[in-house]
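One letter stands for each residue in the lines below.
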Amino acid sequence: MPGKLEVDLVGTDGTIWSGAARSLSAPASDGEIGILPGHTPVLSVLGHGRVRIETEGGAKQQWVVHGGFLSVDDDQVTVVVDGLDETATPAA
């Protein structure tokens, strides 16, 4: 898999997570969307569900989100969430 993703996961209180990743999946309004390095540019509305990130080191992180949007351009991924389920802890 060539390259890596630079991901910024942002909520109303600021940055939730930021770093390099191998992959990301998120709950788009019309179904799950998966992002790998080299993905074509996309802007998607998010629904309720889990944002999953596999970091460059192979660790898996996840958060339950409540809406927002996702933007991808040149391996830069920005996920802006309307709400975050604080009881759901990121996976190690």
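The rules we used
- Residues numbered from 1 in each chain as written.
- Predicted model: local features only at pLDDT ≥ 70, side-chain atom pairs only at ≥ 80, totals over all residues.
- Heavy atoms only, no water.
- Helix = DSSP H or I, 4+ residues; strand = E, 2+ residues; numbered from the N terminus.
- Buried < 20%, exposed > 50% of the residue type's maximum accessible area, 1.4 Å probe, protein only.
- Contact = heavy atoms within 4.5 Å.
- pLDDT = per-residue confidence, 0-100.
- Core = buried A, V, L, I, M, F, W, Y, C linked by side-chain atoms within 4.5 Å.
- Salt bridge = Lys/Arg side-chain N within 4 Å of Asp/Glu carboxyl O.
- Pairing = 2+ DSSP bridges.

Brief notes about the side chain of Ser44
Among the structural elements, Ser44 can be located in strand S4 (residues 42-55). For Ser44, a relative accessible area of 11% puts it in the buried group. Filtering out sequence-adjacent residues up to four positions away, Ser44 remains in contact with Ala28, Gly68, Phe69 and Leu70.

Some thoughts on the environment of Thr55
Examined against the element boundaries, Thr55 turns out to sit in strand S4. Judged by relative accessible area, Thr55 falls into the buried class, the value being 12%. In this structure, the C-alpha to C-alpha distance between Thr55 and Ala28, residues 27 residues apart in sequence, is 20 Å. Leaving out residues up to four positions away in the same chain, Thr55 has contacts with Trp17, Ala20, Ala21, Arg22 and Gln61.

What about the confidence of the model for the protein chain?
Looking at the protein chain as a whole, its pLDDT mean stands at 92, while 90% of the residues score no less than 70. The least confident element of the protein chain, judged by mean pLDDT, is strand S5 (residues 60-73) at 96; the most confident is strand S6 (residues 76-81) at 98.

With respect to the nonpolar core
Inside soluble globular proteins, nonpolar side chains tend to come together where they are buried. Val7, Leu24, Ile35, Ile53, Leu70, Val77 and Val79 are the most contacted members of the largest nonpolar core, which totals 20 residues. Those elements that place two or more of their residues in this core are strand S1 (5-11), strand S2 (14-28), strand S3 (31-35), S4, S5 and S6. At five residues, S2 tops the list of elements feeding residues into this core. Ignoring sequence-local partners within four residues, the contact set of Val7 consists of Trp17, Ser18, Gly19, Ala21, Leu24, Ile53 and Val77.

Describing the pattern of salt bridges
Scanning all chains against the criterion turns up four salt bridges. For the salt bridge of Glu54 with Arg22, the shortest nitrogen-to-oxygen distance reads 3.0 Å. Of this pair, Glu54 sits in strand S4 while Arg22 sits in strand S2, placing them 32 residues apart in sequence. Residue Arg22 is classed as partly exposed on the basis of its relative accessible area of 33%. Lys60 is the partner of Glu54 in a salt bridge, and the nearest nitrogen-oxygen pair spans 3.8 Å. Assessed through its relative accessible area of 47%, Lys60 is described here as partly exposed. Put simply, Arg22, Glu54 and Lys60 are held in one network by salt bridges that share partners.

Some details on the pairing of S1
Residues Leu5, Val7, Leu9 and Gly11 point to one face of S1 and are all buried, whereas Glu6, Asp8 and Val10, pointing to the other face, are not buried. Pairing analysis gives seven bridges linking S1 to S2, with the strands arranged antiparallel. Within the sheet, the bridge partner assigned to Gly11 lies in S2 and is Gly14. Sheet topology note: the S1/S6 ladder contains five bridges and is parallel. Residue pairing for S6: Glu6 is matched across the bridge by Gln76.

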